[in-house]
Amino acid sequence: MNTDTNPTPSKGRVLVAMSGGIDSSVAAVMLHEQGYEVVGMTMKTWDYASAGGSKKETGCCSLDSINDARNVAVQLGFPHFIIDIRNEFGDHVIDDFVGEYLAGRTPNPCVLCNTHIKWDALLRRADQLGCQYIATGHYANVRHENGRYVISKGLDESKDQSYALWGVSQESLARTIFPLGKLRKSEIRQMAADRGFMELVNKSESYEICFIPDNDYRGFLKRRVEGLEERVKGGKFVLTDGTVVGTHEGYPFYTIGQRKGLGVTLGYPAYVVEIRPEANEVVLGNHDELARTATVVGRLNMGKFASLEGQGLVPAFTKVRYNHAGAPAFLEEKDGKMYVYFPEPVHAIAPGQAAVFYDGQDVLGGGWIERSPAALAAPIPLPVLGAKATV
C-alpha cells in the first residue's frame, strides 16, 4: 500500500490514466523518469457521434486524443492500452445526468465519473496487469496520516482539482499517485516543451462535459429523452409568493442561479431560485432570494476523518460547486447527513451539485447537496469565520 505521496523510485508498476492531454501525459513522463514501470491506459467513455450532436468529437474520447496518448507511450517505450468503458459510463454517469435534470436537480457528472467509473475501472485493470499503483494528471495531493488517506489541494490553486476527487474511496487512494500535485501548470508546460512534446504544449484544452462537447445540455436531454420537450413545455414561471409571471420551456432546462435566457422581464434582475418538477414550475426571485444560510448534504464520503458525528459544530471552508470560491461554514454530521451552516449567506446552492468541506488545504470530505430550505437555521448563533476556517 502507498503510504507516501512519492513512493521510492524503481519499486512499483503504475497504471497511468492518459487522456491525451498535456497533464496526464506529463504525469506519465514524470513517473517514467522517476524509475517506475509505467503502463499507459486511455479510457473510451463516450462516442459523441452516436448522440446526434452538432460538434466534432473532441477531448478525452476522440481518436486524436487516443493517438496523442499512444504517441507519448511509444516515444518513451512503455506499453499503452485502450479500454472501452462506454457501457459502464452510460449506465451510471449518463443515466444519472438525465435522471437528475428530470428530478429538478443540477448534476455533476465529472465527480460521479471519478468516483464510480474511472477509479474502479483503473483499479480492475491495474490488478489484471500487476500494477501496484494507479496515477492521474489531477492537480491534487494525497498523503497517509493517522490511518487515513488525505487529499489536499494542488500547489497551483488556479488548477486545483481536489473538489472533483472527494468521492474517491480510502481503498482507492491507498494506491493512487498524483504526480502533478506539487507543480504549477507553467512548469508542466515547460517540462513538455523541454522534452520535445510541442504538440501537447500547443494543444487546446477542453473544459466541457466530455459527452456534451457543444456545451448544449438542453439539446442533449431532448435527444436522449424521447418526447421530453413536448411533455414539459408551457410550465409556469412563478415568484416566491406564488404570482405567475410567464411560461417556460420546461423545468429540466433551467438551473438554480440562472439569470440569462429566461425570457421574462420583471423590472429587476431575476434568477432561478427553485425548481419544482412535480408542478413543472420554475421559481424566480431577486439576488437576495437566491441566498441561503444552510444546506443539507447526503451520500457522504469522508476523507481526513472517518466521521464528524458527535463533534458538534465543526468549522470548515465549504465549496458548493466547482467554480465556487468557497465560504466559511460550520458542519454538523447527523444520521448520515451533513448539515452545513454559513455565517454569511451563500448564493445559488443547487441540489444535485457536490459540496466539499476543507480543513485548510485538506479535504475533510464531501457529499451531494440534497436541499437548502430558507427556513433551515443553525442550532446556535454562529460566529463569523475568516477564510482560514480550520478544525
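So, here's what we can say about the structure. Not measured: the values here are computed from a predicted model.

## Concerning the layout of surface pockets
Item 1. Here the second largest pocket defines a volume of roughly 330 Å³.
Item 2. In terms of lining residues, the second largest pocket is bounded by 18 residues, among which Ile256, Glu274, Ile275, Pro351 and Ser372 are the most central.
Item 3. Listing elements by their share of the lining of the second largest pocket, those giving two or more residues are β10 (271-276) and β17 (362-371).
Item 4. For the lining of the second largest pocket, the element with the most residues is β10, which contributes 3 residues.
Item 5. When the residues that make up the lining of the second largest pocket are grouped by side-chain class, the tally is 10 nonpolar, 2 polar and 6 charged.

## A look at empty space enclosed by the protein
Item 1. With the rule as written, the count across this model stands at 3 cavities of 30 Å³ or more.
Item 2. A volume near 60 Å³ is recorded for the largest cavity.
Item 3. Taken together, Tyr149, Ile151, Trp166, Val168, Gln170, Leu173, Asn301, Met302, Gly303, Val363 and Gly365 form the lining of the largest cavity.
Item 4. Among the elements of the structure, β6 (148-153), α5 (170-173), β12 (291-302) and β17 are those that each provide at least two residues to the lining of the largest cavity.
Item 5. Taken together, the residues that form the lining of the largest cavity break down as 7 nonpolar, 4 polar and no charged.
Item 6. The calculated volume of the second largest cavity comes to roughly 50 Å³.
Item 7. Asp96, Glu100, Pro107, Asn108, Leu112, Arg299, Gly352 and Trp368 are the residues that line the second largest cavity.
Item 8. The residue inventory of the lining of the second largest cavity, partitioned by class, reads 3 nonpolar, 2 polar and 3 charged.

## Overview of the sheet that holds strand β3 (residues 80-84)
Item 1. One open sheet accounts for 5 strands, arranged β3-β2-β1-β4-β7; its pairing is parallel. Looking at the sheet topology across the chains shown, the edges are occupied by β3 and β7 (176-177).
Item 2. Strand direction decides the pairing type here: strand β2 (residues 37-44) and β3, joined by 5 bridges, are parallel. Bridge pairing links Lys44 to Asp84 in β3.
Item 3. Where helix α2 (residues 63-76) meets the sheet, its contacts fall on β2 and β3, and the angle it forms with β3 comes to roughly 155 degrees.

## Thoughts on the packing of helix α1 (residues 22-33) against helix α6 (residues 185-194)
Item 1. At a minimum axis separation of 10 Å, α1 and α6 run at an interaxial angle of 65 degrees. Taken together, the axes of α1 and α6 lie roughly perpendicular to each other. Relative to α6, α1 is oriented so that their crossing is left-handed. From α1, Ile22, Asp23, Val26 and Met30 reach across to α6, where they touch Lys185, Ile188, Arg189, Met191 and Ala192.
Item 2. Of the residues that constitute the contact of α1 with α6, the class distribution is 6 nonpolar, no polar and 3 charged.

## Regarding α1
Item 1. Under the 1.5 Å per step criterion, the end-to-end length of α1 is 16 Å for 12 residues, consistent within 8% with the ideal 16 Å.
Item 2. Summarising burial for α1: 10 of the 12 residues are buried, a large majority.
Item 3. Within α1 the residues assigned to the buried category are Ile22, Asp23, Ser24, Ser25, Val26, Ala27, Ala28, Val29, Met30 and Leu31.
Item 4. Immediately beyond the C-terminal end of α1, within one or two residues, lies Gly35, with a positive phi of roughly 105 degrees.

## Points about the sheet that holds strand β11 (residues 281-285)
Through backbone hydrogen bonds, the strands of a sheet pair up, either in parallel or in antiparallel fashion.
Item 1. Across the sheet, which stays open at both edges, the 4 strands sit in the order β9-β8-β11-β10 with mixed pairing between neighbours. Edge strands, defined here as strands with exactly one partner in the open sheet, are β9 (244-248) and β10. Recorded for the sheet is a direction-independent mean angle of 30 degrees between the axes of neighbouring strands.
Item 2. Here strand β8 (residues 235-239) runs beside β11; their pairing, made up of 4 bridges, is parallel. Across the sheet, residue Val238 finds its bridge partner in β11, namely Val283.

Parameters at a glance
- Residues numbered from 1 in each chain as written.
- Predicted model: local features only at pLDDT ≥ 70, side-chain atom pairs only at ≥ 80, totals over all residues.
- Heavy atoms only, no water.
- 1 Å grid on protein atoms, 1.4 Å probe; cavity = no way out; pocket = protein on both sides within 12 Å on 5 of 7 lines; lining within 4 Å.
- Points joined across faces, edges and corners; volume = space filled by probe spheres on them.
- Helix = DSSP H or I, 4+ residues; strand = E, 2+ residues; numbered from the N terminus.
- Nonpolar A, V, L, I, M, F, W, Y, C, P; charged D, E, K, R; others polar.
- Pairing = 2+ DSSP bridges.
- Contact = heavy atoms within 4.5 Å.
- Axes fitted to C-alpha atoms, helices over the stretch in contact; angles between N-to-C directions.
- Parallel < 35°, antiparallel > 145°, perpendicular 65-115°, else oblique.
- Left-handed = near helix turned anticlockwise from the far one by under 90°.
- Expected span 1.5 Å × (residues − 1).
- Buried < 20%, exposed > 50% of the residue type's maximum accessible area, 1.4 Å probe, protein only.

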